[in-house]
Structures are given as structure tokens and as C-alpha cells.
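Structure at a glance
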Amino acid sequence: MKKFLFLALLSATGFISKAQINGTIVHDGITRNYIIYLPTTYAAGQSLPLVFVLHGFTQSATTIMNVSDFNTFAEDNNFIVAYPQGINNGWNTNTGFPGGSTADDIGFIEALRDEFHALYTIDSTRVYSCGFSAGGYMSHRLACESSRCFAAIASVSGTMSDNAFNDCNPSGSTPIMQIHGTSDNVVSYNGGFGGKSVDEVIAKWVTVNSCPLTPVITLLPDINTNDGSTVEKSLYDPCADFSSVVLMKVIDGGHQWPGTTAILGGIGNINRDINASEEIWSFFSNFNCSSTTGISNTNSGNLTILPANLGNGLFSISIPENAGSLLSYSVVAMDGKTVLKNTTPVSGTLTIDLKKQAPGIYILSILSEAGTISARLIR
């Protein structure tokens, strides 16, 4: 009762200042705890994205809040972040191991989602889940088994149990990011002890999302040469329904949350070349449930374009002969903002320059004499 009175008093002002709130909810007859963070800019009735951040086994909601520092990113990027607490500091990852949690954690997180929608009118098309270790396992389960749409999920140092892997038959595509160290001695990169390897998990989602089998691989800059690790990024794209699969392979990285400065941030080498929270939000911000259906490469009958990524934000578009003259084109970011627009007729090859734009997904729409052609560009 005190919690709801407190929220009512805040909402009565029409504005809720930056707040970190400890709350409880009863699910399946069990009182469950959580922490939620509202950014300074949040106003009552405003519809903001929601990110669930799930702790690892033996950790707590407070621990993963400190390790991930997601509050800072929520504040800077204007979204709400929630840290649910697992029973006995664990999650039901469907391992079947004696002593593992058997709580209805999928139902718990779905109930929290409903609670937050009622309290804060969250944007239900932009709800995401990520987690560390067991929290990563749990995020994969949500993508596989939840009846609600999670616009994207990410797992750091967590894969899928054999049972969860075998039970994973989602009805649609979910964008997936996996961040994992090759020297992880807790959740082995190569799998085992009732868990799947990273390669098996990636192959699963590449198949589910109908992605290309061969990724675009980029070795990221070794910014910190003293952390004993480097990062290799594998991008599987374009995939069905505007989804994507990304693997951030932390070579020689341990069981860790890259970029953290927290003492309990992991075991083994903690990579400093990337910040996992920053990478995750950058990935999440490209996706929403209302735009996860559609044509990812082309449309308009027999008209076809195959955009070539020249690197560094440049794309070469070959206009098919049967399209006639190109009358106009526009490029729209995932937030709906038009970043490029041209109404001068073009024929042959079109070069799209997104060098000044932030990394992300952009939709190119071309109006030609023969119709409209669309393509997705990954910056």
C-alpha cells in the first residue's frame, strides 16, 4: 500500500523525477522483489522503452545494477531499466539440475511487464531483456518461450541449457546479441555440463531468424592493451522480419561483463575495449515489435536491389534496368527520423552516404518509374 501511495503522490504532479524504486509484486503466490530506475526526463503518462537486466546466479538485483551501470545509460538515453530479483539469487534456466530454481520466472517477468505498463505506461513495443550468466540463459528463454514480444534480447556470459535449447520453438524472429569470453571457466564457450556452446546457440538463432550462414566479421580496435583480451564481432544480417544476430566474441575474455569497473564484475580477464551495456543498448535501440515484420531487402514485384556495403557508412545501390529512372529516395532511421532525402532523378548506381549517422539500422525507400523498392542498411 505504501508503494502505491508513494507513486500516486509522484504522479499527481505530472512529473516523476529521476528515481530508483525498490518494489515488490506477488506472483504465483510468492512475493518477488525488483528495482526500477526512472530517468530524470520521465513524466507521468510518457511512453518509454523498458530494459530488463537479469543478474547472474549468486548475484542480486543490486549487484547487476552496479556491475552493468545501466542506470547511467537509461538516464542518457531516456529509457526505463528494471532489475528483477530471482528466487535464492537464481533463475529457472530449465537446467534440470538438483537445487536449481523451479519458479515461474517467465510468468514473473511477464507480470512485471504488465505492472510497469500500468504504473508507467511503458512502450510495449520496445521491451527488451538482457542478463549476465544465468540472467543471459533466462533472456534466451524469454525470447524462446514468452507469449509477449521482446523486441530484442542480449546475453552476456550465458548460453542455453540443453532443455531450454530443445524446447525453443518461437513463432517469430527475435534479434539476438551474444557477448561471451573464450576463456570463460564458468559458462564454457564450448558448452558442456548440460549447456550448449556459444556456436550452437548462435547457429540456433541464425536458423530461427533465417539469417545468412556466413557472418560479416570485424576485429574491433584493441583500445586497452593491458586487459588480456580482444573482441571479434560477427554480424549475421539481413535476417527475416528485420531481425539480426550479433556475436561479440571476447577472445581470452573470462566470465565477465565487459567494461565494468565493479569489483564483482566477473571472473578472469575483463575486457576494456567495449562496454557491454553500451553495446547492448546500441543494439536494442534498432528494434521494436511493431517493425519486426516486413520485407528486409526488397519489394515491388520484380524490382530487386542488392545494396553493397562499402564500409565506413557508404553503400552502393545498383538500380535495376526494369526500374526506369529513379525519381526520389529517402533514408529513415529506426526512430522514424528522415536522415537523407533526394528528389533529383538518378539512374544506374546510387551511393548512400551514412558516414555522419550513428551506427544502427536504416530503411532506404526508392521511388522509381516502375514502383517502390525498399532495403535495409546496417551502418
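A brief look at the structure comes next. Predicted model only: the values in this text are computed from it and were never measured.

Residues other than glycine predominantly adopt negative phi, and peptide bonds predominantly adopt the trans conformation. Omega for the bond connecting D237 with P238 falls within 30 degrees of zero, at 5 degrees, which places this linkage in the cis form. When you line up the elements, P238 lands in the loop between β9 (230-236) and β10 (245-251). Despite not being glycine, N94 shows a phi value in the positive range, around 60 degrees.

Closest axis-to-axis distance for the helix α4 (residues 105-120)/helix α5 (residues 134-145) pair is 10 Å, and the angle between their directions is 80 degrees. It follows from the interaxial angle that α4 and α5 lie roughly perpendicular. Counted together, D105, I106 and I109 of α4 and M138, R141, L142 and E145 of α5 form the full contact between these two elements. Residues that form the contact of α4 with α5 fall into these classes: 4 nonpolar, no polar and 3 charged.

Here we take up the sheet that holds strand β1 (residues 19-27). Strand pairing in a sheet relies on backbone hydrogen bonds, with the paired strands running either antiparallel or parallel. With mixed pairing, the 10 strands of this open sheet are ordered in space as β1-β2-β4-β3-β5-β6-β7-β10-β9-β8. Because the sheet does not close on itself, it has two edges, and the strands there are β1 and β8 (216-219). The sheet shows a mean angle of 15 degrees between the axes of neighbouring strands, direction not considered. Relative to strand β2 (residues 30-38), β1 runs antiparallel, the two being bridged by 9 bridges. If you follow A19 over to β2, its bridge partner there is L38. In this fold α4 packs onto β1, β2, β3 (50-54), β4 (80-84) and β5 (127-132), with an angle of close to 50 degrees to the strand it touches most, β2.

When the terminal C-alpha atoms of α4 are compared, their 22 Å separation across 16 residues agrees well with the 22 Å that a helix rising 1.5 Å per residue should span. The buried fraction of α4 amounts to 12 of the 16 residues, a majority that puts the element mostly inside the structure. Looking at α4, one finds that the buried residues are D105, I106, G107, F108, I109, E110, A111, L112, R113, E115, F116 and Y120. The residue sitting at the N-terminus of α4 and contributing the capping side-chain oxygen is D104; that oxygen lies 3.0 Å from the backbone nitrogen of G107. One or two residues past the end of α4 sits T121, with phi positive at roughly 45 degrees.

Moving on, we get to the state of the cysteines. Counted under the stated rule, the structure contains 3 disulfides. Paired through a disulfide, C149 and C289 show a sulfur-sulfur distance of 2.0 Å. In this structure, the disulfide formed by C149 and C289 twists by about -100 degrees around the S-S bond and is classed as left-handed. Of this pair, C149 sits in the loop between α5 and β6 (152-156) while C289 sits in the loop between α8 (276-284) and β13 (308-311), and the two are 140 residues apart along the sequence. Under the relative-accessibility criterion, C149 is labelled partly exposed at 34%. Here C289 falls in the buried class, since its relative accessible area comes to 16%. Each sulfur in the disulfide pair C211 and C239 lies 2.0 Å from the other. Between C211 and C239 the sulfur-sulfur dihedral comes to about 110 degrees; the bridge is accordingly right-handed. One end of the pair, C211, is in the loop between α7 (198-208) and β8; the other, C239, is in the loop between β9 and β10, with 28 residues separating them in the sequence. For the residue pair C211 and C239, the accessibility class agrees, reading buried in each case. Take the cysteines of the protein chain that form disulfides and number them in order along the sequence; they join up as 1-3, 2-6, 4-5.

With that settled, consider the pairing of β2. What sits between β1 and β2 in their antiparallel hairpin is a turn of 2 residues, with D28 showing a positive phi close to 55 degrees. Direction of pairing for β2 relative to β4: antiparallel, over a ladder of 4 bridges. Bridged to I36 within β4 is A82.

Evaluation of the coordinates by the stated rule reveals 12 aromatic pairs. Geometrically, the ring pair formed by Y34 and F116 is edge-to-face, given 5.1 Å between the ring centres and 80 degrees between the ring planes. Here F116 lies in helix α4 and Y34 lies in strand β2, a separation of 82 residues in the sequence. Side by side, Y34 and F116 carry an identical accessibility label, which is buried. A network of ring pairs unites the aromatic residues F70, F73, F79, Y128, W281, F283, F284 and F287 as a single cluster. Against the face of F108 rests R32, its NZ or CZ located 3.8 Å from the ring centre. Across from the ring centre of F165, 5.0 Å away, lies the NZ or CZ of K196, which sits over that ring.

Axis separation between helix α3 (residues 70-77) and α8 bottoms out at 9 Å; the angle between their running directions is 40 degrees. Classed by the angle they form, the pair α3 and α8 counts as oblique. For α3 against α8, the interelement crossing comes out right-handed. Mapping the contact onto sequence places F70, F73 and N77 in α3 and S277, E278, I280 and W281 in α8. A per-class count over the contact of α3 with α8 returns 4 nonpolar, 2 polar and 1 charged.

Rules used throughout
Residues numbered from 1 in each chain as written. Predicted model: local features only at pLDDT ≥ 70, side-chain atom pairs only at ≥ 80, totals over all residues. Heavy atoms only, no water. Helix = DSSP H or I, 4+ residues; strand = E, 2+ residues; numbered from the N terminus. Axes fitted to C-alpha atoms, helices over the stretch in contact; angles between N-to-C directions. Parallel < 35°, antiparallel > 145°, perpendicular 65-115°, else oblique. Contact = heavy atoms within 4.5 Å. Nonpolar A, V, L, I, M, F, W, Y, C, P; charged D, E, K, R; others polar. Pairing = 2+ DSSP bridges. Expected span 1.5 Å × (residues − 1). Buried < 20%, exposed > 50% of the residue type's maximum accessible area, 1.4 Å probe, protein only. Polar contact = N/O pair within 3.5 Å; in protein donor to acceptor, adjacent residues only side chain to side chain. Disulfide = S-S within 2.5 Å. Phe/Tyr/Trp six-rings, centres within 6.5 Å; stacked < 30°, edge-to-face > 60°. Lys NZ or Arg CZ within 6 Å of the ring centre and 35° of its normal. Left-handed = near helix turned anticlockwise from the far one by under 90°.

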